[in-house]
Amino acid sequence: MAFEPLPIEDARREIVSCTQIQELEALRIKYLGRRGLIQDLMAKIPMLAVDEKRLYGAAVNDFKNKLTAWISEKETLLKTFKGSDPALGCDITLPGKKVLLGKLHLLTQVKLEICSIFGSLGFKVFDGPEIETEVNNFEALNIPLDHPSRDAFDTFYIKSPQSTVHSPQKKEKNKNHGPSTMDRRLLRSHTSPAQIRAMQACEPPLAIIVPGRVYRPDAVDASHSFMFHQVEGFVVDTDIKFSDLKGILIAFAQEMFGSKTKLRFRPSFFPFTEPSAEVDISCFLCEGRGCSVCKRSGWLEILGSGMIHPHVFKSVGYDPRKWRGFAFGMGVERIAMLKYGVTDIRLFFENDIRFLEQF
Ligand code: PHE
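Residues numbered from 1 in each chain as written. Predicted model: local features only at pLDDT ≥ 70, side-chain atom pairs only at ≥ 80, totals over all residues. Heavy atoms only, no water.

Brief notes about helix H4 (residues 50-81)
Helix length check: H4, at 32 residues, gives a terminal C-alpha distance of 47 Å against a target of 46 Å (1.5 Å per residue), a fit within 8%. Within the span of H4, buried status applies to Glu-52, Tyr-56, Gly-57, Val-60, Phe-63, Leu-67, Ile-71, Lys-74, Leu-78 and Phe-81. Among the structural elements, helix H1 (8-17), helix H2 (21-32) and helix H3 (37-43) are those in contact with the buried residues of H4. (Helix = DSSP H or I, 4+ residues; strand = E, 2+ residues; numbered from the N terminus. Expected span 1.5 Å × (residues − 1). Buried < 20%, exposed > 50% of the residue type's maximum accessible area, 1.4 Å probe, protein only. Contact = heavy atoms within 4.5 Å.)

Here's what the structure looks like:
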């Protein structure tokens, strides 16, 4: 007598697709229970011929072993995943992998904070190029070619095709007067040339802030870098006084460093402002008593400023008898270092995640 094929594949599929422990128990009873399929199949053995008995008996036994193994395997799986979905094929109760959120670089955070304070005072952001003309970086800012103050703004010059290609007229001129510097390109050594661009592009009144990179061929050490960031600010209107400059800078410093911050204006010199002042804030670490950061002086220098020089207005075509203005420029690294206790400027540019993730 030939015996029917055993429903091994059906049983396997049922066990695999089962998702509940109760459902699995029902399958165990269906197949392995006292009145289950295996018992039914066993009951047929005595009716078989002797040689069939052995074959059929072995097949049923094998089926029974498979069922037992599959059911116990499934039981472990369902118990491990408890309420979750085993079809996912992973244990979703295990702790997940931490996703690290990126953040803005400390210098970007400080730059945005500066811009936001001036934004709330009515300033608009203007952007100038990092590659500038010698005219904008120096001449138009009342820094003539032979002026000693150029040394303070030591500069990277760029060999550009434009500075070697001359028109015949220019060649003639160069022969007579030495090399023309009017079209030399350089990496701007301060953000002040953006004053020239903004004044040329816009009609006064103006209240403008210019954040950006600047370059100076300084040897790199804990407080110098050949590239750093400045924020330039300036205001032009018909009735601007030095007291307006003081008022704006006091409002800025108290917002940036705390409402108790005091300002000290020290007479200084910049060719593009007259009068000029360097501005110190009272040391917010020791509140003016004197500490190692303020070098026992109680004051921290944070920016340069002054009333815009009439020559600057002339160079952009503004009538200096009509327009008045003030300007200031501050170093973003310096402010970030003071505010966040960073003692080495190189840390900003090394991109060590252990430094960056602290802010
Ligand atoms: N440009 C000056 C510097 O880089 C700062 C400054 C800006 C001073 C505007 C006065 C007015 O040192």
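And the narrative resumes.
Re the sheet that holds strand E1 (residues 124-125)
Spatially, the seven strands line up as an open sheet ordered E1-E5-E6-E10-E9-E8-E7, and their pairing is mixed. The open sheet is flanked by E1 and strand E7 (263-270), the only strands paired with a single partner. Summarising the sheet, strand E9 (residues 299-308) and strand E10 (residues 324-331) pair through five bridges and their orientation is antiparallel. Bridged to Gly-306 within E10 is Ala-327. Sheet contacts for helix H12 (residues 332-340): strand E6 (227-237), E9 and E10; angle to E10, the most-contacted strand, approximately 60°. (Pairing = 2+ DSSP bridges. Axes fitted to C-alpha atoms, helices over the stretch in contact; angles between N-to-C directions.)

Topic: the sheet that holds strand E4 (residues 185-187)
If you walk across this open sheet you meet the three strands as E2-E4-E3, and the pairing is antiparallel. One side of each edge strand has no neighbouring strand; the edge strands of this open sheet are strand E2 (131-133) and strand E3 (156-158). Strand after strand, the sheet turns through a mean of 40° between neighbouring axes, direction not considered. Of the pairings in the sheet, the one linking E2 to E4 comprises three bridges and is antiparallel in character. Looking at the pairing, Glu-132 lines up with Leu-186 of E4.

A word on the site of the ligand
Taken together, 14 residues are adjacent to the ligand, and His-190, Ser-192, Arg-216, Gln-230 and Glu-232 come closest. Measuring from an oxygen atom of the ligand, one finds a side-chain N or O atom of Gln-230 at 2.9 Å. Within the complex, 92% of the 330 Å² of free accessible area of the ligand lies under protein. Where the shell around the ligand is concerned, the elements lending two or more residues are E6, E9 and E10. The element contributing the most residues to the shell around the ligand is E10, with three residues. Looking at side-chain class alone, the shell around the ligand contains five nonpolar, seven polar and two charged residues. (Near = heavy atom within 4 Å. Polar contact = N/O pair within 3.5 Å; in protein donor to acceptor, adjacent residues only side chain to side chain. Areas by Shrake-Rupley, 256 points an atom, 1.4 Å probe, with all protein chains shown as cover. Nonpolar A, V, L, I, M, F, W, Y, C, P; charged D, E, K, R; others polar.)

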